[in-house]
Amino acid sequence: MATNERKLSEEKITKLQGVFSSMDKNRNGVLSMAELESVFNLMGITDNKTVKAIIAQWDEAGNGNVSFQDFVKIMETNDLDTESREERDKKFIRNAFSAFDTNNDGFITREELEHVLKQMGYSG
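Residues numbered from 1 in each chain as written. Predicted model: local features only at pLDDT ≥ 70, side-chain atom pairs only at ≥ 80, totals over all residues. Heavy atoms only, no water.

1. A short note on helix α2 (residues 33-42)
Logical step 1: When we look at burial in α2, the residues that qualify are M33, E35, L36 and F40. One side of α2 carries all its buried residues, which in axial view fall inside an arc of 165 degrees. Facing away from the buried side of α2 by more than 90 degrees, the exposed set consists of A34 and L42.
Logical step 2: Buried-residue contacts for α2 involve α1 (10-23), β1 (30-31), α3 (48-58) and β2 (66-67). (Buried < 20%, exposed > 50% of the residue type's maximum accessible area, 1.4 Å probe, protein only. Helix = DSSP H or I, 4+ residues; strand = E, 2+ residues; numbered from the N terminus. Arc of directions from axis to C-beta. Contact = heavy atoms within 4.5 Å.)

Structure, rendered in structure tokens:
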């Protein structure tokens, strides 16, 4: 993950610790693939490949887990208080595109689109 100059306030980090702890069901200090899958499933993302791709972007150690340190870095990168709407929108679009572009070739094929839409509950 690219380094970022943004730093969150102590208050925000304390709030993030609470969010992180609520997601860390086994209280081992990291978010596992299974713990993240359950969160993503609640958000409507049920495709294991999509979840793995998201985790891979967040998992700096490359061990399939997201530490609190990784989690804070993610939140610093996505800190909405210091980011312009245009920057957030561009980031959102890039992330959404990446979720659809499962083979990372820079294009969304019909098959990739159908696959993600099925995972979201649409049939066609």
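2. Description of a nonpolar patch on the surface
Logical step 1: Together, F97, I108, L113, L117 and Y122 make up a nonpolar patch on the protein surface, roughly 420 Å² of accessible area in all.
Logical step 2: One can find L113 in helix α6 (residues 110-119).
Logical step 3: Owing to a relative accessible area of 37%, L113 belongs among the partly exposed residues under this scheme. (Patch = residues over 30% accessible without salt bridge, like charges linked within 9 Å, V, L, I, M, F, W, Y side chains within 5 Å. Areas by Shrake-Rupley, 256 points an atom, 1.4 Å probe, with all protein chains shown as cover. Salt bridge = Lys/Arg side-chain N within 4 Å of Asp/Glu carboxyl O.)

3. A word on the confidence of the model for the chain
Logical step 1: When the pLDDT values of the chain are averaged, the result is 78; 84% of them are 70 or greater.
Logical step 2: Ranking the elements of the chain by mean pLDDT puts α3 last with 76 and β1 first with 89.
Logical step 3: Contacts from residues 1-5, a stretch scored under 50 in pLDDT, to residues over four places away or in other chains number eight contacts. (pLDDT = per-residue confidence, 0-100.)

4. Side note on the pattern of salt bridges
Logical step 1: Here the structure, examined in full by the defined rule, presents two salt bridges.
Logical step 2: Here R110 and E114 are joined by a salt bridge, their closest N and O atoms 3.0 Å apart. Taken together, the positions of R110 and E114, both in helix α6 and four residues apart, correspond to about one turn of that helix.
Logical step 3: For E114, a relative accessible area of 35% translates into the label partly exposed.

5. Focus on the packing of α2 against α3
Logical step 1: Relative to each other, α2 and α3 sit at 115 degrees, their axes nearing to 10 Å. Once α2 is placed against α3, the crossing between them reads as right-handed. The segment α2 lies against α3, with M33, L36, E37 and F40 engaging N48, V51, K52, I54, I55 and W58.
Logical step 2: Here the residues of the contact of α2 with α3 sort into seven nonpolar, one polar and two charged. (Axes fitted to C-alpha atoms, helices over the stretch in contact; angles between N-to-C directions. Left-handed = near helix turned anticlockwise from the far one by under 90°. Nonpolar A, V, L, I, M, F, W, Y, C, P; charged D, E, K, R; others polar.)

6. Here we look at the environment of I55
Logical step 1: By secondary structure assignment, the location of I55 is in helix α3.
Logical step 2: Separated by 18 residues in sequence, I55 and E37 place their C-alpha atoms 9.4 Å apart.
Logical step 3: When residues no more than four places from it in sequence are discounted, the contact partners of I55 are M33, L36, G64 and V66.

7. Remarks on the side chain of D101
Logical step 1: Looking at the element boundaries, D101 is found in the loop between α5 (85-100) and α6.
Logical step 2: In this structure D101 comes out as buried when scored by relative accessible area, which is 4%.
Logical step 3: A polar contact is formed between the side chain of D101 and the backbone nitrogen of D105, at a distance of 3.2 Å.
Logical step 4: The contacts of D101, once residues within four sequence positions are left out, are G106, F107, I108 and E112. (Polar contact = N/O pair within 3.5 Å; in protein donor to acceptor, adjacent residues only side chain to side chain.)

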